[in-house]
Each structure stands twice: as C-alpha cells, then as structure tokens.
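Structure at a glance
So the chains spell out like this:
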Amino acid sequence: MLALFSMMIVLCACHVIDRTTTYRVKESHPVPAKWQRRGLAPAHHMINLRIALKQGNFEELERQITQVSDPNNELYGRHLSATAIRNLVRPEKKTIDLVTEWLGDHGIEDLGFSPAADWISVSLSVEAIERLLNTTYHEYSYEDDAEIFIRAPEWSLPVHLHDCIDAIQPTSSFLRLEAQNRRAEPPEPQWFLEGRLPTYEEMVEEDLLDRGHINVPEQENLPPSPTIAQACNRLAVSPLCIRTMYGTLGYTARAPEKNGIGFVNYNGQSNNRSDLEVFLKTYRKDAAAANAAYEFKSEFVNMESDRQKSPDKGPLGGMADLEGALDIQAIIGTGYPTPVTAYNVGGKPPFQSDAFTTVNSNEPYLDWLHYVLAQEEIPPVISTSYADNEQTVPEAYARRVCNEFAQLGARGVSVIFASGDHGVGRDSSCRSNDGSDKPQFVPVFPASCPYVTSVGATRLVGPEIVAFDARGGFVSGGGFSNYFDRPKYQEKHVEQYLQGLDTTLAPYYNAQGRGYPDVSAIGYHYAVMSGGQAHLQDGTSASAPAFAALIALVNDALLAEGKPTLGFLNPLLYSRGAEAFTDITIGSNFGCNTTGFPARKGWDAASGLGTPWFPKLKEIALGYRYRNQRPWYFG
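**Looking at the confidence of the model for the protein**
- On average, residues of the protein score 87 in pLDDT, and 86% of them are at 70 or above.
- This model gives residues 1-13 a pLDDT under 50, and the stretch forms eight contacts once residues within four places in sequence are excluded.
- Counting contacts from residues 15-20, a segment whose pLDDT is below 50, to residues more than four positions away or on other chains yields twelve contacts.

**Re the state of the cysteines**
- The tally for this structure, following the rule as stated, stands at three disulfides.
- The disulfide partner of Cys402 is Cys449, and the gap between their sulfur atoms is 2.0 Å. What sets the handedness of the Cys402 and Cys449 disulfide is the S-S torsion sign, and at about 80° it is right-handed. With a gap of 47 residues between them, Cys402 in helix H14 (residues 395-410) and Cys449 in the loop between strand S19 (444-445) and strand S20 (453-459) connect regions that are remote in the sequence. A single burial state applies to Cys402 and to Cys449, both of which are buried.
- Cys430 shares a disulfide with Cys592; S-S distance 1.9 Å. One disulfide, between Cys430 and Cys592, carries an S-S torsion of -85° and so falls in the left-handed class. Separated by 162 residues along the polypeptide, Cys430 in the loop between strand S18 (414-418) and S19 and Cys592 in the loop between strand S29 (581-582) and strand S30 (611-612) bring together distant segments of the chain.
- Given the relative accessible area of 10%, Cys430 is considered buried.
- By relative accessible area, Cys592 is classed as buried at 11%.

**Brief notes about the nonpolar core**
- Within the largest apolar cluster, 127 residues are counted, with the highest numbers of intra-cluster contacts made by Trp368, Phe405, Leu408, Tyr526 and Phe597.
- With twelve residues, helix H16 (residues 540-560) is the largest single contributor of residues to this core.
- Discounting chain neighbours no more than four positions away, the residues touching Tyr526 are Val237, Ile242, Leu326, Ala330, His535, Leu536, Gln537, Ala542, Ser543 and Ala546.
- Listed in part, the 30 residues of the second largest apolar core include Leu49, Ala117, Ile150 and Ile165.

**Overview of the sheet that holds strand S7 (residues 149-151)**
- What the three strands build is an open sheet, ordered S2-S6-S7; its pairing is antiparallel. Looking along the sheet, the strands with just one partner apiece sit at the ends: strand S2 (35-40) and S7. Strand-to-strand twist of the sheet, defined as the mean angle between neighbouring strand axes without regard to direction, takes the value 40°.
- With three bridges joining them, strand S6 (residues 138-142) and S7 adopt antiparallel strand pairing. Within S7, the residue paired with Tyr140 across the bridge is Phe149.

Calculation criteria
- Residues numbered from 1 in each chain as written.
- Predicted model: local features only at pLDDT ≥ 70, side-chain atom pairs only at ≥ 80, totals over all residues.
- Heavy atoms only, no water.
- pLDDT = per-residue confidence, 0-100.
- Contact = heavy atoms within 4.5 Å.
- Disulfide = S-S within 2.5 Å.
- Helix = DSSP H or I, 4+ residues; strand = E, 2+ residues; numbered from the N terminus.
- Buried < 20%, exposed > 50% of the residue type's maximum accessible area, 1.4 Å probe, protein only.
- Core = buried A, V, L, I, M, F, W, Y, C linked by side-chain atoms within 4.5 Å.
- Pairing = 2+ DSSP bridges.
- Axes fitted to C-alpha atoms, helices over the stretch in contact; angles between N-to-C directions.

Encoded structure:
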C-alpha cells in the first residue's frame, strides 16, 4: 500500500505535495567544448533567475497557430489576441500555488510574473539559488574571452515539482549570441570576361584578392526598370541591387502608417544614426530626404541605452557596432518607408567577481521575449541576426524559448532568424555534446526552432549560388535540428530532398529533425557604412533583415487592401508560396571537413526554397480570401 501511494505521488506530481520527498536531478547538461571552468561563483553575486512553469494548454495554441497560418484553412489570417494567447498558456492554479509555496518555504516572496504567469522572475544571490536547487555555481568563460558566465550545469528540484517546472535559467545554458556576419573587404577575372560560372577555385581567388574601391551603380543613372546587370555590382551589393533582384524596385508603399518592422540588437550593439544618414544619402536618397535616419524608433530592454557618435569623431568603439549598422541599413535600405523599431537589449556587461549588485545573467533572448510579449502593439515582422550552436542550449530551455516565438507567430508576427555563418559546422567543433563525442554536424538555434523562418544566404547576381566567402570563413548555414522534429508543413519537401542525399552524410545529422533554412537571400559583400567609413559585410546577418524587409512590403500590400498581415510564414511558404521563390541549385554549405548539404532542385538544407520574387509573393498573398475575416489590429 505504501509503494502504491508513492507511485501516486510521482504520477500526480503537480497535484500532490509529498514533503518527505528528497531532491532529484531535474537537468544535467554537459559543458560545451571550449568552455573553461574558472572557479566558484561568489556567494553574494546576484542573479536574475527565470523559472518556466508548465504551460496550461500549449497544445491548443499549436493547433490554433496551425489554423491561422495555413492558407488552406478557413481561419487563415485570424491571428490571436495577446489576451487569448495568455489564457491558453497560463499555468494551472495548482502549478502556480505549488511553486510559489516552495519558494516561500525558502523565504522567497518578492516574485515577478509574466503577463501569462508562465514565467517567474526573482533576483537571488548565488548561495540562495544553490540551496534552492541543490547545486553549485561556477564561473565559466569561452576560450580566452574575458566575459564571465555564472552557470550550474546540473541542478535539482523536489520530486513533486518536476512536472510543474519546465526549465530554470541561468543554470545550464551556455548560449552565446554571435552576430552572423563577416567582414569581406577587396582586373575582372577570366570567368567573368568569358561569361561563365566560376569554378570553386576561381571564386576563392576572387575572395582573397584585394580590389580596393568598388563602384556601385546609382539609380538616377539607370533606366526606370533596370536589369540586374545594370543595377548590381556583384562585389558590392547595394539596396538598389537587392530591390532589383527581388522585384521590390518600383513598388510604392500604400499603408506604411499601419505597418511596421522590428529587429533586435544584442551584445551591446546599437544603430548609429549618423552612419545611417551617410548610407542613405549614398544608396537610398529618397529615405535620406525624408530624414529616415532620425525617424526610426528605439526601445530599450534590460537597462540598455542608445549610444551615438558622429562619424567625424571616429567609430564608436572601433568596429563595435558593425552588426547594428548592417541590420538597420539593410532594413531601411530595402524596406523604406516601412516604420522601423530597433530593440536594444542589454545583458553583456563584463562580470566583476566582487560586484554584489544585480546584473544580467546573459540570457537576453528571454529578456527580449518577455518584454515584447507584454506589449500590446508589436511590429508584424521582426528580424534577428544572432545564433549559436543548438547543443549549447539545454533542450528544455530551447523548447520553451521556441514556444515563446510561437506566441509571436500566433499574434500575427513573422519571426525571422539568420541561419548561421558556418555551413554545417565549424571544422574544429563538429562533435556531439552528449558525452559520446561522436562526429556530427552542428545545427544552430534559434534558426532550428520550427516557429521561426530561417534565412540562408546566396552570392552572385544571376544565377545565385549558396554563399561563402573564403576571405572571412563565411559559409551559409543549414542542416537539421537535433531537438525539434520535422514539422508537418515541410514534410513533403524535406522527404524529397533526403531521398536523393548522399548516404555517407547520414551518420552526421538527424534525418527526422526540422530542416533549415526555409529560404535565402543575397548575403555576400553588402555595402555598409560604419564609423563614417564604407565596408563590405557577408553573412546571414545581411540576408535575414533584407528578407524581412521584403515581407514587410508584402504586408503593406495586404494592409492597403484591409487584409491581415502574413504572420507565421512557413505554412504559406511550403505550400503555394514556394511558387514565388527562385530555386538555388548550385553550391553547398560545406563545413565539418565535408562538402555539407548540396543545393538541389526544390527545398534543400543549403538554400531552403530559394530566393524571393516579390511580385509573385504579393500576388499569392493578395489572392487569399481570408474567410471569416475580422479587422486587423496592430499587435
């Protein structure tokens, strides 16, 4: 009888309190390669702890986001309100009561709750958290980086709370937000003079050759409808080139006052308005004349600030804001006049081991997600150019973060992420982190989350190929998740690709995982202005915001017709939306000392569905009737 009662306590863990239960390990995540443990964390160091409570009915939210995002469903376009979503994910009252009672038993009562009460935040000292979670925190650093992370790779909970709490961070997550860009500065080569595609060796030679100043065509010197050859210099990609390649040149926005696009700055990045002004005067004169450099909105999360400096006084922190420059210049350069919101997220101050004040604990995705999900008005497209190896993030935590992106999608927001800049993985880092140390490709997160649209990169301006740059070590990222199963919306496309794939690659990837990227855009040699000087940048940090800007213009066309914005894109993209993409069939995303995944006809794990053609995508989006339509709301 006693044994039976014990089983009942475990089976009904979140409904019965057993105060005699001992702690049991909830999560144990290996320390990733190249991380060094430096010593014990100071006992009085303060950490902003985030506790993820089991959500009440996320399965129903998944069902509804599928309905409102599937163009073949009668509910397509009927995005959910913030209130409706919060009601779906709100934990059961018993869950909240058990967790808060446990915290109260430890004298912890000053709690903060997310609007849906599915996250608890509380500032505690290291020693208090160690008692709470039966763990030990240490200081860690990545290679020789001076930045210190306070982490506990293994932590425990009372048994009766294991089914009440999904994740607690910062504990075992070693996520590092890395901007997905690379610098790419250089007689016309023989292959160009001969009018043929270059060989791999010839492209490597071009990447490594210093070309000095590169002229970019100007719109006023071209006919009204220029060809790609007239509008583009393949070695210095400008907004004019991108707009010509993807068909947005000549489109006149009709509803910018109802529209919006956002992007997120991490790692202390900001967007220098003086640099943007110079960029727009050079490459987007209509935006410069409208003072666009000083009209976009900045919102500050977690005590971040907006640091500005004039170009004539030198670059702000050297090249420190090059990523911020790339994002804002790609978005306004290709998406003007869509109103822009820049989210500046704090969370990367150097840790001082004798500082006992509360500091951010380097989980900025959560800082931003909690902030934006609490807002009533959200831009209908948001782009992020940061990623890290999926295996640096505990699976439970990755799933909860992915669920937050799903909430944005359900509200009608297209969430765009860069697919990574290291192909299938850095040559030196292609090992599993599960203790077996087996060779494997290394997918990136959040691009691997099935509720975001992952954007790869191409190079050349006709035909485009999978992007790489031998100068900076850039290779467009792609592959298959080890955490997230393949979603239904891409089942047919991925199955077709896998059927013809080289079987020697099979041991290195999860054939059942979510495949990415979903799409691609040009991501090679973007012209960027930073610190008052012109630079060239590669990366999916360039292609992601450029693609997001194009989606914002599709939304403009929809809003002008009184229709809802696109929202979560992927079900549309993998159905009729695929007709609006130019297939990329040349190249591969090499890495891990392999050729990686090849580009092929149809979807592939190197370029996704291909690159967009705006007129066709706009036509497809406008063609849906949006049955049971209701007025669109901005939020």
